[in-house]
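Residue-level structural notes
Here are the chains, one letter per residue:
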Amino acid sequence: MHHIKESIQTFMIENLSFLAPEAVVVLISALPILELRLGLPSGAILGIPFLSSYIFSLIGNLLPIAPILLLFRPVSSWLLRFKVYDSFYQWLYNRTINKSNQVEKYGAVGLILFTALPLPTTGAYSACLAAVLFFIPFKLAFLSISAGVIIASVLVSLVAYPLF
């Protein structure tokens, strides 16, 4: 674990040192795949107090939810004219459908569960795509995914933060 911590710290120092540490936490937490699973521990690595790191990682992970829910379908419709995007979309669609049985079966409650488990390929981005693909209304999807992010943040706080 110490080696991973050093690698992350070195990367952040070499590539993100022009940003305030809090901005680094928000940025990392807003990125797909990384989300708050890495954003919150990054705060510890950067020496940010736990509560501040928690708040900034939560904000970062919540930021992309509304734009994805609102823009994914119209942007994808336009981009589907291009073969490269069409291939990517088909892969993404199949991957999301295969990974989101809970969402299909339980709807908004499934979105909470899907987002709350801080595992690879689950999180706000995947949940947003599942919500769009299963036509879950914006308000319900936004609230469900946000609740899942809050639960995930508590789980990451309990498990990952103490390690850093």
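Scroll up to find the structure this text is about.
Here's what I pulled together on the structure shown here. (Residues numbered from 1 in each chain as written. Predicted model: local features only at pLDDT ≥ 70, side-chain atom pairs only at ≥ 80, totals over all residues. Heavy atoms only, no water.)

1. Structural notes on the packing of helix H3 (residues 35-45) against helix H4 (residues 50-62)
Formally: Convention adopted: a line fitted to C-alpha atoms gives each axis, helices being fitted over their contacting stretch, and angles between N-to-C directions are expressed from 0 to 180 degrees. Counting from the N terminus, the helices are DSSP H or I runs at least four residues long and the strands are E runs at least two residues long. Angles below 35 degrees are treated as roughly parallel, those above 145 as roughly antiparallel, those between 65 and 115 as roughly perpendicular, and all remaining angles as oblique. Handedness of a helix crossing follows the sense of rotation of the near helix relative to the far helix, less than a right angle counterclockwise being left-handed and clockwise being right-handed. A contact between two residues is defined here by any heavy atoms of the two lying within 4.5 Å. When residues are sorted by character, Ala, Val, Leu, Ile, Met, Phe, Trp, Tyr, Cys and Pro go into the nonpolar class, Asp, Glu, Lys and Arg into the charged class, and all the rest, Gly among them, into the polar class.
It is at 9 Å that the axes of H3 and H4 come closest, and there the two elements cross at 155 degrees. For the element pair H3 / H4, the angle class is roughly antiparallel. Read as a crossing pair, H3 and H4 show a hand that is right-handed. Residues Glu 35, Leu 36, Gly 39, Leu 40, Gly 43 and Ala 44 of H3 touch H4, and the partners they reach there are Ser 53, Tyr 54, Ser 57, Leu 58 and Asn 61. Here the residues of the contact of H3 with H4 sort into five nonpolar, five polar and one charged.

2. Details of the packing of aromatic side chains
Two aromatic rings, taken as a pair, are described by how far apart their centres are and by the angle between their planes. To keep it simple, the criterion reads: In this analysis, rings of Phe, Tyr and Trp, with Trp reduced to its six-membered ring, are considered paired at centre separations within 6.5 Å, and the interplanar angle assigns stacked below 30 degrees, edge-to-face beyond 60, and tilted for intermediate values. Burial classification: accessible surface area is computed with a 1.4 Å probe over protein chains only, and a residue below 20% of its type maximum counts as buried, one above 50% as exposed, and the rest as partly exposed.
Applying the stated criterion across every chain, the model contains eight aromatic pairs. Look at Phe 72 and Tyr 89: their rings are 6.2 Å apart centre to centre, the planes differ by 20 degrees, and that puts the pair in the stacked class. Of this pair, Phe 72 sits in helix H5 (residues 65-79) while Tyr 89 sits in helix H6 (residues 83-99), and the two are 17 residues apart along the sequence. The exposure class of Phe 72 is buried, given its relative accessible area of 16%. Tyr 89 sits in the buried class, given a relative accessible area of 14%. Their ring planes at 40 degrees and their centres at 6.2 Å tell us that Tyr 85 and Tyr 89 sit as a pair that is tilted. Here the residue Tyr 85 and the residue Tyr 89 both occupy positions in helix H6, the gap between them amounting to four residues, near one helical turn. Accessibility classification places Tyr 85 together with Tyr 89 in one group, the buried group. Through a chain of ring-to-ring contacts, three or more aromatic side chains come together here, namely Phe 72, Tyr 85, Phe 88, Tyr 89, Trp 91 and Tyr 93.

3. Notes on H3
Burial of H3 is extensive: 10 of the 11 residues sit out of reach of the surface. A positive phi of about 80 degrees marks Gly 47, the residue just after H3.

4. Details of the side chain of Asn 61
In this structure, Asn 61 sits in helix H4. Excluding residues within four positions of it along the chain, Asn 61 makes contact with Ser 29, Ala 30, Glu 35, Leu 36, Ala 124 and Val 149.

5. Things to note about a nonpolar patch on the surface
Under the convention used in this document: Patch membership needs two things, relative accessible area over 30% and no salt bridge, and members are linked within 9 Å if like-charged or within 5 Å if nonpolar (Val, Leu, Ile, Met, Phe, Trp, Tyr). Only the protein chains shown count as cover for residues, with accessible areas throughout obtained via the Shrake-Rupley method and a probe of 1.4 Å. The term salt bridge refers to a side-chain nitrogen of Lys or Arg lying within 4 Å of a carboxyl oxygen of Asp or Glu.
Residues Phe 50, Leu 51, Ile 55, Ile 59 and Leu 63 make up a contiguous nonpolar surface patch of roughly 460 Å² in combined accessible area. With respect to the element layout, Leu 51 can be found in helix H4. Residue Leu 51 is classed as exposed on the basis of its relative accessible area, which comes to 56%.

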